[in-house]
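Results of the structural survey
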Amino acid sequence: DTEVTQTPKHLVMGMTNKKSLKCEQHMGHRAMYWYKQKAKKPPELMFVYSYEKLSINESVPSRFSPECPNSSLLNLHLHALQPEDSALYLCASSVPYNSPLHFGNGTRLTVT
Amino acid sequence: GQQVMQIPQYQHVQEGEDFTTYCNSSTTLSNIQWYKQRPGGHPVFLIQLVKSGEVKKQKRLTFQFGEAKKNSSLHITATQTTDVGTYFCAGRSGAGSYQLTFGKGTKLSVIP
């Protein structure tokens, strides 16, 4: 079990759809992350929020839009995705700086 | 940019044999973390090493951080089937950075 909750667990969407991934943590962590993981690859950082402000955007295409409504919630809005965007999307949280990441179970996304 | 090389990519061992995975960074690291990802699961934090030459043990797992803080290793003694999964190292170069560079991982298979 993980203290970082992600919904949905699985998502299938067409290239014209708009969907959102959700992440929630109640550990009081002030840094939250989105990672993308393709099969047999390491997690790849997409975005970091620190104290609800976007701190890092790793040159992610604009079809991915993050949002941090408050210190416990993190969303990833998806629009006009491509089949190559199919992957496991992992949310993580941490105490800011130099501390371990707590990952959620992930959302397995398939773009058709 | 910073690169973290991890070898081997795959390792098949008989149950009871030892296992080691190695990470090498192109730059000096402020700290290094190790994660384990079970098949179909999410990365789970194992340990963080910060000091030059640091050695930490968790039951059958021994983690080392090199004197130059550019390399690290994870050694498992007497592997068990529960050790199956992919082990990732993740290095951080800046002390106040959110950037973690993951190695490509070592996938461990244990033959009963």
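An account of the accompanying structure is given in this report. (Residues numbered from 1 in each chain as written. Chains lettered and ligands numbered in written order. Predicted model: local features only at pLDDT ≥ 70, side-chain atom pairs only at ≥ 80, totals over all residues. Heavy atoms only, no water.)

**Thoughts on the sheet that holds strand β7 (residues 64-70) of chain A**
All names here are of chain A. Taking strand neighbours across the sheet as the criterion, the four strands line up as β1-β3-β8-β7 in an open arrangement whose pairing is antiparallel. Lying at the two open borders of the sheet, with one neighbouring strand each, are β1 (4-7) and β7. The mean inter-strand angle of the sheet, taken between neighbouring strand axes irrespective of direction, is 20 degrees. (Pairing = 2+ DSSP bridges. Helix = DSSP H or I, 4+ residues; strand = E, 2+ residues; numbered from the N terminus. Axes fitted to C-alpha atoms, helices over the stretch in contact; angles between N-to-C directions.)

**Looking at the nonpolar core**
With 22 residues, the main nonpolar core has W34, F64, L76 and L78 of chain A as its most contacted residues. Elements with a minimum of two residues in this core: β2 (10-13), β3 (18-25), β4 (31-37), β5 (44-50), β7, β8 (73-79), β9 (87-94) and β11 (107-111) of chain A. Counting 19 residues, the second largest nonpolar core, distinct from the first, contains W34, L46, I47 and L108 of chain B. (Core = buried A, V, L, I, M, F, W, Y, C linked by side-chain atoms within 4.5 Å. Buried < 20%, exposed > 50% of the residue type's maximum accessible area, 1.4 Å probe, protein only.)

**A look at the environment of L46 of chain B**
Residues and elements named next belong to chain B. You can see L46 is positioned in strand β5 (residues 43-49). Residues L46 and K36, spaced ten residues apart in sequence, show a C-alpha to C-alpha distance of 6.8 Å. With residues up to four places along the chain from it excluded, the contact list for L46 reads W34, Y35, K36, Q58, L61, F63 and Y87. (Contact = heavy atoms within 4.5 Å.)

**Focus on the state of the cysteines**
Should the sulfur atoms of two cysteines be covalently bonded, the bond is a disulfide. Enumeration over the complete set of coordinates arrives at two disulfides over all chains. Residue pairing for C23 of chain A: its cysteine sulfur links by disulfide to C91 of chain A, the two sulfurs lying 1.9 Å apart. Here C23 of chain A and C91 of chain A share a disulfide; its torsion about the S-S bond, -70 degrees, makes the bridge left-handed. Linking C23 of chain A in strand β3 with C91 of chain A in strand β9, this pair joins segments that are 68 residues apart in sequence. Side by side, C23 of chain A and C91 of chain A carry an identical accessibility label, which is buried. Across the disulfide, C23 of chain B is cross-linked to C89 of chain B (sulfur-sulfur distance 1.7 Å). Residues C23 of chain B and C89 of chain B are joined by a disulfide whose S-S torsion is about -95 degrees; by sign, that bridge is left-handed. Of this pair, C23 of chain B sits in strand β3 (residues 19-25) while C89 of chain B sits in strand β9 (residues 85-92); the two residues are 66 residues apart in sequence, bridging distant segments of the chain. Classification of C23 of chain B as buried rests on a relative accessible area of 2%. (Disulfide = S-S within 2.5 Å.)

**Points about the sheet that holds strand β7 (residues 61-65) of chain B**
Residue and element names in this part refer to chain B. On the basis of which strands lie adjacent, the open sheet formed by five strands has the order β1-β3-β8-β7-β6 and antiparallel pairing. The outermost strands of the open sheet, each flanked by one partner alone, are β1 (4-7) and β6 (55-58). Each adjacent strand pair in this sheet contributes to an overall mean axis angle of 15 degrees, direction not counted. Bridge count for β1 against β3 is four bridges, and the pairing is antiparallel. Residue pairing across strands places M5 opposite N24, the latter belonging to β3.

**Re the pairing of β3 of chain A**
Residue and element names in this part refer to chain A. Sheet analysis places β1 next to β3, joined by four bridges and oriented antiparallel. By the bridge assignment, Q6 is partnered in β3 with C23. When β3 meets β8, the two strands line up antiparallel, connected through seven bridges. Its bridge partner being in β8, S20 is matched across the sheet by H77.

Nothing here speaks to function; it is all geometry.
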